[in-house]
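Coordinates in review
Chain by chain, the residues run as shown.
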Amino acid sequence: MTHRVLVTGLSGLIGSILRPELERGYEVSALNRSVVAGIPTTQADIAYEDAIRPAFNGIDTVVHLAAKAGGRHPWSDLQTTNIVGTYNVLKLARESNCRRFIFASSGATVTGYETIEPYQSIVQGNYSNVSEDFVRIDHKHPVWSSGLYGSTKIWGEAICRNFADSSEMSVFCVRIGYVNRENKPQKDRDWATWCSQRDVVNAILACVTTKDPVKFSTFFVTSNNKWGYRDLTHAYDTVGFAPIDAAENYRESN
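The sections below set out a description of the structure shown in this document. The structure presented is a predicted model; accordingly, all values stated were derived computationally and were not measured.

Here we look at the overall build of the chain
A tally of helices and strands in the chain yields eight helices and seven strands. In terms of overall size, the chain behaves like a compact globule, its C-alpha atoms giving a radius of gyration of 18 Å where 254 residues would be expected to give roughly 18 Å. Its C-alpha atoms give the chain principal-axis dimensions of about 55 × 35 × 35 Å. Expressed as a percentage of its 254 residues, the buried residues of the chain come to 54%. Sequence-distant contacts, at least 24 apart, represent 69% of the contacts inside the chain between residues at least 6 apart. Counting every atom, the chain has about 11,500 Å² of accessible surface; 47% of that belongs to carbon and sulfur. Looking at the chain, you have 26 positive and 27 negative side-chain charges, and the mean spots of the two groups are 4 Å apart.

Put into structure tokens, the structure is as follows:
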């Protein structure tokens, strides 16, 4: 049987690099504000439930990438897209009997830790202040956002848990690190938080393809960075994700 995957925000950076890999084994459709060439697209804003409803017919898996990302957006936009929109996508996924939901969460859910040691020194590149056995932040640490964007992702994770508990869906909240178009670290903080394009695609594919999914899980995804402060072992334990790339490979050429 054909496995149908709906991707919200398919025209964004992560969606664009994920698309060809998904198309190798799945029937892919898009829920997007603009038409995605060559892909069946429901062209609508996720803030409007009735407008996006047709996108969910017969869908087996939803990969929810659409979001207003970063601190430059006003609260009204963050609320409309990241909160109302995420709720709408979850609600319609449940109503359509979707079996798996992958939520693109963010490392912004824990950036508050970067205001205390040793994480402050790590993101500033002051490694002489950091013990080699420093404790990495894992999924069991309390969330601590440093801004409204991260706070909306915390809310998204919480509502994902609610929908996992109230439906047959298996839900993954993937706390994605810093993915950029240049596909390499460029500033001090990147050496800790960078995630290569190849690694983020492999992490999402692992969520889509895992044969024995848990009911609900949250985990971090970055590349295998020497100074990464976010624990990656839970991602491996849950879906078998192991990063291929590493920020330090770019240290000399940066």
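Some details on the pattern of salt bridges
Summed over all chains, the structure comprises 15 salt bridges. For arginine 53, the salt bridge is made with aspartate 50, and the minimal N-O distance between the two is 3.5 Å. For arginine 53, a relative accessible area of 32% corresponds to the partly exposed category. Of the charged contacts, one joins arginine 161 and aspartate 165 as a salt bridge, the two residues approaching to 3.2 Å between their closest N and O atoms. In this pair, arginine 161 and aspartate 165 both sit in helix 5 (residues 148-165), four residues apart, roughly one turn of the helix.

Notes on the pairing of strand 5 (residues 100-106)
Counting buried positions along strand 5 yields seven of seven residues, so the element is predominantly enclosed. In strand 5, alternate side chains face the same way, and those of Arg100, Ile102, Ala104 and Ser106 on one face and Phe101, Phe103 and Ser105 on the other are all buried. Where strand 4 (residues 61-64) lies against strand 5, four bridges are found, and the strand directions are parallel. The residue bridging valine 63 from the neighbouring strand is isoleucine 102, located in strand 5.

A few points about the packing of aromatic side chains
The tally for this structure, following the rule as stated, stands at seven aromatic pairs. Residues tryptophan 194 and tyrosine 250 carry aromatic rings whose centres are separated by 5.4 Å and whose planes lie at 70° to one another, so their mutual orientation is edge-to-face. In this pair, tryptophan 194 sits in the loop between helix 6 (190-193) and helix 7 (197-209) while tyrosine 250 sits in the segment after helix 8 (233-239), placing the two residues 56 residues apart along the sequence. By the ring-pair criterion, three or more aromatic residues cluster together here, those being Tyr113, Tyr119, Trp144 and Tyr229. It is arginine 251 that lies over the ring of tryptophan 191; its NZ or CZ is 3.9 Å from the centre.

As for the sheet that holds strand 1 (residues 4-8)
Working definition: the strands of a sheet are paired by backbone hydrogen bonds and lie parallel or antiparallel to each other. Taken in spatial order, the seven strands of this open sheet run 3-2-1-4-5-6-7, and their pairing is parallel. Only two strands of the sheet have a single neighbouring strand rather than two, namely strand 3 (41-43) and strand 7 (216-221). Between one strand and the next, the sheet's axes are offset by a mean angle of 15°, whatever the strand orientation. Of the strand pairs in this sheet, strand 2 (residues 27-32) and strand 3 are connected by three bridges, and their pairing is parallel. Directly across from alanine 30, in strand 3, lies its bridge partner threonine 41.

Reading the values: rules and limits
- Residue numbering note: each chain is counted from 1, following its sequence as written.
- Owing to the predicted nature of the model, reporting of local features is limited to residues with pLDDT of at least 70; listing and counting of side-chain atom pairs is limited to 80 or more, with chain, interface and lining totals taken over all residues.
- Note that water and hydrogens are dropped before the side-chain values are worked out from all heavy atoms of the structure.
- Helix and strand definitions follow DSSP, with helices as H or I runs of at least four residues and strands as E runs of at least two, each counted in order from the N terminus.
- Note on method: radius of gyration uses C-alpha positions; expected globular size equals 2.2 Å times residues raised to 0.38.
- Partly exposed residues are those whose accessible area sits between 20% and 50% of the maximum for their type, while under 20% is buried and over 50% is exposed, using a 1.4 Å probe and protein chains only.
- Here, two residues are considered to be in contact whenever any of their heavy atoms come within 4.5 Å of each other.
- To measure how exposed things are, a 1.4 Å probe is used in the Shrake-Rupley method; for residues, cover is taken only from the protein chains shown.
- The sign given to each residue is positive for Lys and Arg and negative for Asp and Glu; His and the chain ends receive no count.
- For the purpose of locating charges, the reference atoms are NZ of Lys, CZ of Arg, CG of Asp and CD of Glu.
- Salt bridges are defined by distance alone: a side-chain nitrogen of Lys or Arg within 4 Å of a carboxyl oxygen of Asp or Glu.
- DSSP calls a pair of strands paired once it identifies at least 2 bridges connecting them.
- Pairing of aromatic rings covers Phe, Tyr and Trp, the last through its six-membered ring, and needs centres within 6.5 Å; plane angles under 30 degrees mean stacked, over 60 mean edge-to-face, and all others mean tilted.
- In our convention, an over-ring charge means Lys NZ or Arg CZ found within 6 Å of a ring centre and within 35 degrees of that ring's normal.
- Only the stretch in contact is used when fitting a helix axis, every axis being a line fitted to C-alpha atoms; angles between N-to-C directions are given from 0 to 180 degrees.

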